[in-house]
There are 2 protein chains.
Amino acid sequence: MSDQVVSPRPGAQVQLEMAEQPEVLARIVGRRTELHELVRSRLPSRLRGISLIARGSSDNVAVHARYLLELATGLPVSLIAPSIITRYHHTPDSRDHLVVALSQSGKTPEIVDVARRLADGGGMVVAVTNDDDSPLAAAATVTLAVGTGRELAVPATKTVTGQLALVTLLAEAVGSSIAEYTGGESAWAALPDAAAQTLADERLLAEAVAVLQPRGTAIHLARGLTYCAALEGALKSKETSRRVHEGFSSADFLHGPLTVASDEVAVVAYGARGPVLADVAETARAAAELGSPVIGVGAPEVWNGVPGAIGLAVPQTLGEALAVIPLVIRGQQLAIATTLALGLDPDRPAGLNKVTATH
Amino acid sequence: MSDQVVSPRPGAQVQLEMAEQPEVLARIVGRRTELHELVRSRLPSRLRGISLIARGSSDNVAVHARYLLELATGLPVSLIAPSIITRYHHTPDSRDHLVVALSQSGKTPEIVDVARRLADGGGMVVAVTNDDDSPLAAAATVTLAVGTGRELAVPATKTVTGQLALVTLLAEAVGSSIAEYTGGESAWAALPDAAAQTLADERLLAEAVAVLQPRGTAIHLARGLTYCAALEGALKSKETSRRVHEGFSSADFLHGPLTVASDEVAVVAYGARGPVLADVAETARAAAELGSPVIGVGAPEVWNGVPGAIGLAVPQTLGEALAVIPLVIRGQQLAIATTLALGLDPDRPAGLNKVTATH
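In this text, all values refer to a predicted model and were calculated from it rather than measured experimentally.

Across the boundary between the two partners, chain A contributes 65 residues, which contact 65 residues of chain B. Where chain A abuts chain B, roughly 5,200 Å² becomes buried across the two surfaces, and 56% of that area is made up of carbon and sulfur atoms. Among the residues of chain A in contact with chain B, Tyr-88, His-255 and Thr-259 of chain A are the three that bury the most area, contributing 15% of the side total. Between the two partners, chain A and chain B, sit eight salt bridges. Residues Arg-55 of chain B and Asp-252 of chain A are paired through a salt bridge, measuring 3.1 Å at the closest nitrogen-oxygen approach. Along the contact surface separating chain A from chain B lie 26 residue pairs in polar contact (both at pLDDT 80 or more). Put simply, the parts of the chain that give the side of chain A that touches chain B at least two residues each are helix 4 (57-73), strand 2 (77-79), helix 5 (82-86), strand 6 (217-222), helix 12 (227-241), strand 7 (244-249) and helix 13 (250-254) of chain A. Residue composition of the side of chain A that touches chain B, grouped by class: 29 nonpolar, 20 polar and 16 charged.

On to the packing of helix 3 (residues 32-42) of chain A against helix 8 (residues 158-174) of chain A. Residue and element names in this part refer to chain A. At their nearest, the axes of helix 3 and helix 8 sit 9 Å apart, and the two run at 55° to each other. Between helix 3 and helix 8, the angle falls in the class oblique. Seen from above, helix 3 lies across helix 8 with right-handed handedness. Contacts between helix 3 and helix 8 involve Arg-32, Leu-35, His-36, Val-39 and Arg-40 from the former and Leu-166, Leu-169, Leu-170, Glu-172, Ala-173 and Val-174 from the latter.

Attention shifts here to the side chain of Ser-103 of chain A. Counting through the fold element by element, Ser-103 of chain A comes out in the loop between strand 3 (97-102) and helix 6 (109-120). In this view, Ser-103 of chain A contacts Ser-58, Thr-108, Ile-111, Val-128, Thr-129, Asn-130, Leu-136 and Gln-163 of chain A; residues no more than four positions away in its chain are not counted.

A word on the environment of Val-112 of chain B. Residue and element names in this part refer to chain B. Topologically, Val-112 is positioned in helix 6 (residues 109-120). For Val-112 and Ala-138, which are 26 residues apart along the polypeptide, the C-alpha to C-alpha distance reads 9.2 Å. The residues contacting Val-112, other than those within four sequence positions of it, are Gly-106, Lys-107, Pro-135 and Leu-136.

Residue and element names in this part refer to chain A. Even without being glycine, Leu-204 reaches a positive phi, approximately 70°. Locating Leu-204 in the fold gives a position in the loop between helix 10 (184-200) and helix 11 (205-212). Relative accessible area serves as the criterion here: at 37%, Leu-204 is assigned to the partly exposed category. Of note, the phi angle at Arg-242 is positive, near 60°, even though the residue is not glycine. As for its position among the elements, Arg-242 is in the loop between helix 12 and strand 7. Under the relative-accessibility criterion, Arg-242 is labelled partly exposed at 26%.

Least-squares fitting of chain A to chain B yields an RMSD of 0.0 Å, with the superposition described by an axial translation of 0.0 Å and a rotation of 180°. In symmetry terms, the pair is related by a two-fold rotation axis. When C-alpha distances to the rotation axis are compared across chain A, the minimum falls at Ser-78 of chain A, with a value of 2.3 Å. A share of 100% of the interface residues of chain A reappears at the interface of chain B, consistent with the copies meeting face to face through the same patch.

The next point concerns the domain arrangement of chain A. Residue and element names in this part refer to chain A. Parsing chain A into structural domains produces domain 1 (12-176) and domain 2 (198-341). Between the C-alpha centres of domain 1 and domain 2 there is a distance of 26 Å. Taken together, the contacts link 24 residues of domain 1 with 21 residues of domain 2. Buried area between domain 1 and domain 2, summed over both chains or domains, comes out near 1,800 Å², and the portion from carbon and sulfur atoms is 76%. Joining domain 1 to domain 2, the criterion identifies zero salt bridges. Across the domain 1-domain 2 interface, the total number found is four residue pairs in polar contact (both at pLDDT 80 or more). Only helix 1 (12-19), helix 2 (21-30), helix 4 and helix 8 provide two or more residues apiece to the side of domain 1 that touches domain 2. For the side of domain 1 that touches domain 2, the element with the highest residue contribution is helix 4, accounting for eight residues. Taken together, the residues of the side of domain 1 that touches domain 2 sort by class into 15 nonpolar, nine polar and no charged.

Think of an α-helix as turning once every 3.6 residues; residues three or four places apart then point the same way. Residue and element names in this part refer to chain B. Listing the buried residues of helix 11 (residues 205-212) in full gives Leu-205, Ala-208, Val-209, Val-211 and Leu-212. Taken end-on, helix 11 shows its buried residues confined to a sector of 155°, consistent with a single buried face. Seen from the open side of helix 11, the exposed residues pointing more than 90 degrees away from its buried face are Ala-206 and Ala-210. Packed against the buried residues of helix 11 are strand 6 (217-222), strand 7 (244-249), strand 8 (265-271), strand 9 (294-298), strand 10 (310-313) and helix 15 (320-341).

What follows concerns the pairing of strand 9 (residues 294-298) of chain A. Within a regular strand, side chains alternate between the sheet's two faces. Residue and element names in this part refer to chain A. Counting buried positions over the five residues of strand 9 gives five, a clear majority of the element. Taken together, strand 8 (residues 265-271), helix 14 (residues 277-289) and strand 9 constitute a β-α-β crossover, and its handedness is right-handed. In this structure, strand 9 lies alongside strand 10 (residues 310-313), joined through four bridges in parallel fashion. Along strand 10, the bridge assignment pairs Gly-296 with Gly-311.

Take the packing of aromatic side chains next. Under the defined criterion, the tally for this structure stands at four aromatic pairs over all chains. When the ring of Tyr-88 of chain A is compared with that of Tyr-181 of chain B, the centres are 5.9 Å apart and the planes differ by 70°; the resulting orientation is edge-to-face. One end of the pair, Tyr-88 of chain A, is in the loop between helix 5 and strand 3; the other, Tyr-181 of chain B, is in helix 9 (residues 179-182), on a second chain. Across the pair, exposure class does not vary: Tyr-88 of chain A and Tyr-181 of chain B are buried alike. A ring pair is formed by Phe-248 of chain A and Phe-253 of chain A, whose centres lie 5.3 Å apart and whose planes are at 50°; its orientation type is tilted. Residue Phe-253 of chain A is classed as buried on the basis of its relative accessible area, which comes to 0%. When the ring centre of Tyr-67 of chain A is taken as origin, the NZ or CZ atom of Arg-66 of chain A, which lies over that ring, is 5.8 Å away.

Before going further, it helps to examine the environment of Leu-205 of chain A. All names here are of chain A. Relative to the helices and strands, Leu-205 resides in helix 11. Through-space distance from the C-alpha of Leu-205 to that of Val-314 is 13 Å; in sequence the pair is 109 residues apart. Among residues more than four places away in sequence, those in contact with Leu-205 are Leu-312, Gln-333, Leu-334 and Ala-337.

The subject of this paragraph is the pattern of salt bridges. All names here are of chain B. Going through the model one piece at a time under the given rule, you end up with 44 salt bridges over all chains. Two residues, Arg-330 and Asp-201, come together in a salt bridge whose shortest N-O distance is 3.3 Å. In this pair, Arg-330 sits in helix 15 while Asp-201 sits in the loop between helix 10 (184-200) and helix 11, placing the two residues 129 residues apart along the sequence. For Arg-330, a relative accessible area of 2% puts it in the buried group. Judged by relative accessible area, which is 17%, Asp-201 ranks as buried. Between Arg-348 and Asp-345 there is a salt bridge, with the nearest N and O atoms lying 2.5 Å from each other. According to the relative accessible area criterion, Arg-348 is partly exposed, its value standing at 38%.

Rules used throughout
Residues numbered from 1 in each chain as written. Chains lettered and ligands numbered in written order. Predicted model: local features only at pLDDT ≥ 70, side-chain atom pairs only at ≥ 80, totals over all residues. Heavy atoms only, no water. Contact = heavy atoms within 4.5 Å. Buried area = accessible area lost by both parts, 1.4 Å probe. Salt bridge = Lys/Arg side-chain N within 4 Å of Asp/Glu carboxyl O. Polar contact = N/O pair within 3.5 Å; in protein donor to acceptor, adjacent residues only side chain to side chain. Helix = DSSP H or I, 4+ residues; strand = E, 2+ residues; numbered from the N terminus. Nonpolar A, V, L, I, M, F, W, Y, C, P; charged D, E, K, R; others polar. Axes fitted to C-alpha atoms, helices over the stretch in contact; angles between N-to-C directions. Parallel < 35°, antiparallel > 145°, perpendicular 65-115°, else oblique. Left-handed = near helix turned anticlockwise from the far one by under 90°. Buried < 20%, exposed > 50% of the residue type's maximum accessible area, 1.4 Å probe, protein only. Least-squares fit on C-alpha atoms with pLDDT ≥ 70 in both. Domains from an automatic or database assignment. Arc of directions from axis to C-beta. Right-handed = clockwise from strand over helix to strand, strands pointing away. Pairing = 2+ DSSP bridges. Phe/Tyr/Trp six-rings, centres within 6.5 Å; stacked < 30°, edge-to-face > 60°. Lys NZ or Arg CZ within 6 Å of the ring centre and 35° of its normal.

Put into structure tokens, the structure is as follows:
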């Protein structure tokens, strides 16, 4: 692509963009009240339903949005299968519905197409995007923009954590208080610093890479309000290291896939203090018993009690719903460091473009 | 487990159960009108929403149900994240909602728990299960039972294809005609025979195993009304061959994960004639261009034009929504044959039980 920077060294571009995350998050935290009001001013007076539409890493953000919006509103939230609309030509009734359309570029044709149709049908479309001058933003009722400079590396990093902060404040604006899950005002204030501390702390990263580098595959595990970190960690590793890393809810992993655990398959388990932490830790232990080396990310309870596990801590200043952001940063670090150890350039994965034109 | 049959040879039990599929399907086809009436007699007069709850291979069936119920009703369908209810203790309003709870054993505690709570809240709970004498059936308003003998092999086969037939007739009962997608009466009549023909046809299976056996991982691709086949094919291979096989919507695979395609990663692409066939074929071609060996399953359009692809055909007598059943059977064949080639016993995957007790 003509506007892609040619890195001076492999991974320089993505590392530069990862380092911008504390600043991007601080800007979003600073606009939080303003954005709450913007969303509330356009909400249908009687909200009947909520749908999310996304692809790629935005889809992982949508999974996080889904949990938070359900907890905030009590309404079931549906992740739209775009093909129903774009291929089977059925458009659901969107009157009095909130439709959250997520796309970093704001340019994926099927996301823009679906957002337009649901807006035409009367839905309130909220675009969660980096670029507020995009076709998606033009189709939306309200745009929540990450508002960082252009993201040039193919693997999305700062736009993903920015979107995670935006969907969290969206859930705050739409429903009843979710302070119990975010950690409230003090956690929001601590968020940029928690991201900066996580980025600066590379202790044990080399040890974790020594586990991932020689293995052809890995499983990433989490659940509930941290599930998104497992999905995004697996996706980032796939996109950059070109290995099959798969993300699972720890409960789904127990239902069959657990049998893949062995010395050949590493497990990365993500957890923050909250109602699902014990489930993730228990699943990591079960995988370790079958021989998998375990990398624990987040709260020490994830890896304490897992024999031989490597623990990558994050600051314990955030509620579970915001803690997912430092967990995602750890997944980025693991992906980029492993990719470099493999002698590949994470800025330029084979066969990928920044905007994928699915319809 | 005390009631597990000790196979005379590796895979004997699962192969016996796979062979029962035409008979199981014929029995369901024979009860179709009766089951339509049973469902319709208990439906809320004003259906406000639809939710699905499942884990493991039942979750793949739920993905199929989701597409069909959306196409039949125009309502958004939500796949419930059980942890919202069991761990975060939020129970959504279920009045005038259809809740479809899928569990082969009918015994997974969290599925039974969630079904009970939503039934108590006024939801119409339909259990899609093998065992109509189970805790899940007891909690349900209506039970659609696969009604085959006990499934003893750990990898579920006949209960999965039976559930697929049941959710398809459920969608017929709940909404407007989906004959356009199933192929209508003639396709239902042809279903048992299409399953039998697929099971009997092992041409090129050894060639496909020769692709999968030496590779540590594979990607399974489909989209829309065949998406379930990719998810279930990947799950079955994971559960039996203990390798990381991941299932993708072809559109999601294009959004990043495509970069894993290489000679080391096999691609299994599933397709039936319909609106998404060209998307799947195009994605298989893109993976082949990056070096992946491709196994095409279903309609010849999936592999025609993909250099070097191996094609595993199925009878072309079914609409896309029913064609998923022979596609799933092909995924079972690939998983079992590859597992045997690896010297493992598909009847007894390491670390797994038949009923997984997640909460």
